[in-house]
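# Understanding the architecture of this molecule
Take a look at the letters that make up each chain.
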Amino acid sequence: MSRFGSWLILSFRLHRWEVLASAAAVALLSAAMLWFAWQLRTLAGTDPGCVDPTAYAPGCTQLAQRFYELSSKAEWLSYLSWMAPFVMGLVLGVPLVSREVEHRTAGMAWTLSRSRAWWLAMRIAFLALVLIGLLLVLALVSEVLASAVFPNLHLDRDFSWYGRRGGLVVVRGLSALGIGVLLGAVLGRVLPALLVAIAASILLFTAVSLGMDRWMESDAIIQPFGVDRAGGRLLGQRVQLPSGEVIDYGELQRRGLSYEAIQDDRLYAKPEDIGQADKIIGYDRELLVPGPLYPQIVLRESGLVGGTAVLLALAAAAVVTRRRPR
Amino acid sequence: MSTGLPILETHDLAKRYGRHTWALTGIDLAIPQGGITALVGPNAAGKSTLIKTWVGFEPPTRGGVTVGGIDPWKDRSGVLALVGYVPQSPALYDSLSVNDHLDLAVMLRPNFDRAYARRRLDELGIPGDRGARSLSGGQQAQVALALALGTRARILLLDEPLASLDPLARREFLHVLTDAVRSDGATALLSSHIVTDVEQACDRLVVLGVGRILLHDSVAEALASHLLATDGAAATDSEAIGSFAGPAGERLTLLRRPTAAQAVTNLRPASLEEVVLGYLASGRTSPAEAAA
């Protein structure tokens, strides 16, 4: 057998249960998503006019209702595809080093290997390959489901189901894998490492999410409430002052501009001011990343998260090189 | 047999765990190339710690170590190329077969001699398709030894591999080790707290007690240069090393062989175990005291 084949088989045997569990989860989730996609497409095929929420044709009530119900259930599946990369990344990553330390196989493996970094690279490479393969399937299937749920949207220019479909599903999984490997290497015990890694993942991805929102603000536009978002991503609410300056609500308060009444998108200090143009404090606005920026934003976050994954793997290598086996 | 050139060395090696627990206290040791050296001492004497500093698993708190002249903390891969290591309790991968372990070794170390390791296991009748989980303790130890031997390393470091084996498995293990070392001209350091096991296999003896070296000599010289005094005879002699209780509760004292001028009665040759016990008795001070 070739060295590559031998590496694949041995690596699989060392991670058999994690890999099989992850594959089974992806298979089940993908099958469910494809079933919903098929059902939704069948309904949409019956009468395409009935699944366009902007223009329901008369007599569509029953079909539209059924489509809505199925879409709602499909939405739940999309949340699972959002969560899957984190769960799979941690399930595959945490035991890599921690189980070796816990089961005392690290001493043998590390002295057999030409270097610990080489040992880790070989092990991570296999898990990364498995993860990429499985999450690619999930990413593609979730795109298929999204296109069935939103038959009238151009999903390549739309932030709907952001992070629940496409390439982000894959890179987020790699990043979770990096967290799992690193914390497994630091703690050297599977269960504690898993618990800490879950907490660390939540913190890291919250930080990435907040950071991305700040980053996207430079690309965002201001638009009045109620205007079609056209696939854009809502970042938050802002106030546009009569001078044209745009500030957030916190800043509005800090400037002592309290308001007690809103009509349409206009803010007034007191209810009795409503309707008086010269008493308008400001206008309620949406901060929106335009839909056409979707590919660019996905690429940007993929770069950030993918870079984090590489850094985590390098940190794990540094820990493995220095840590003592039991 | 040893050539006299040191291949494993320590220089004022001290290792402390936490703030107060000294495992090793200022050890200077030079193990010559070739043959098998027994590293003997009671539990917690620091045997594993000493071996782990050579493998690069434990950084010294003070002093340094070299393996074939290389400092493992400066060039770990250089040291690992020289060393085959058998850990204390041979831990194999439950999910892999014996042959899988050999394949894994080839994957991790491209110059691993799989055929040699396989042949060693064949001689012991250990089938390659058996899962590691289903092997007996003795067989697992043999697989761990075969993995270390397959590296064709010049130095074998064996960290109490006999501790959990039954007498027959111990004998087989030592036979394989002795045969491999003799035929390959390697150097082996075998740690154990069971002296009788290593007596037949080893050329040299290092007695480690409470973190320091109590004796380092060839087995032949250790036997030739010590005598045992029974029931207090010569117990106050300046050549007395240490006293301990005999099998029947009698007081035994290990002596350096007296000069011809000294007339001491009730003496008999000491066994290797008695030599070790005498030195261990002499070293009953705590590592903290020794470190101070």
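Computed from a prediction, not measured in an experiment: that's the story for all the values here.

Quick notes on the rules
Residues numbered from 1 in each chain as written. Chains lettered and ligands numbered in written order. Predicted model: local features only at pLDDT ≥ 70, side-chain atom pairs only at ≥ 80, totals over all residues. Domains from an automatic or database assignment. Contact = placed C-beta atoms within 7 Å. Helix = DSSP H or I, 4+ residues; strand = E, 2+ residues; numbered from the N terminus. Nonpolar A, V, L, I, M, F, W, Y, C, P; charged D, E, K, R; others polar. Buried ≥ 20, exposed ≤ 12 C-beta atoms within 10 Å, placed from the backbone. Pairing = 2+ DSSP bridges. Axes fitted to C-alpha atoms, helices over the stretch in contact; angles between N-to-C directions.

A few words on the domain arrangement of chain B. All names here are of chain B. When the domains of chain B are assigned, the result is domain 1 (6–218) and domain 2 (225–291). Taken over C-alpha atoms, the centre of domain 1 sits 30 Å from the centre of domain 2. With 17 residues of domain 1 at the contact, the number on the domain 2 side is 13 residues. Of all elements in the fold, only β2 (21–32), α7 (195–199), β8 (204–209) and β9 (212–218) reach the threshold of two or more residues within the side of domain 1 that touches domain 2. Of the residues belonging to the side of domain 1 that touches domain 2, the class tally is 10 nonpolar, 5 polar and 2 charged.

In terms of burial, helix α1 (residues 47–55) of chain B is largely enclosed, as 8 of its 9 residues are buried. By the burial criterion, the buried members of α1(B) are Lys47(B), Thr49(B), Leu50(B), Ile51(B), Lys52(B), Thr53(B), Trp54(B) and Val55(B).

This next bit is on the pairing of strand β3 (residues 35–40) of chain B. All names here are of chain B. With 6 of 6 residues buried, β3 lies mostly within the body of the structure. With burial as the criterion, each face of β3 is covered, one bearing Gly35, Thr37 and Leu39 and the other bearing Ile36, Ala38 and Val40. Judged from the 6 bridges that link them, β3 and strand β7 (residues 187–192) form a sheet pairing that is parallel. Paired with leucine 39 across the two strands is serine 191, which belongs to β7. Relative to β8, β3 runs parallel, the two being bridged by 4 bridges. Across the sheet, alanine 38 pairs through a bridge with leucine 205, a residue of β8.

Let's shift gears to the interface of chain B and chain A. The partner chain A presents 22 residues to the 23 residues of chain B that form the contact. Those elements giving two or more residues to the side of chain B that touches chain A turn out to be α2 (76–80), β5 (83–86), α3 (98–108) and α5 (137–150) of chain B. With 6 residues, the single largest contributor to the side of chain B that touches chain A is α3(B). Looking at the side of chain B that touches chain A, its residues break down into 15 nonpolar, 4 polar and 4 charged.

On to the sheet that holds strand β11 (residues 240–245) of chain B, then. Residue and element names in this part refer to chain B. Read from one edge of the open sheet, 4 strands run β11-β12-β10-β13, paired in antiparallel fashion. With partners counted over all chains shown, the strands left at the sheet margins are β11 and β13 (267–269), one partner each. Strand-to-strand, the axes of this sheet are offset by a mean angle of 30°, without reference to chain direction. Here β11 pairs with strand β12 (residues 251–256) via 5 bridges, running antiparallel. Each bridged residue has a counterpart across the sheet, and for alanine 240 the counterpart in β12 is leucine 255.

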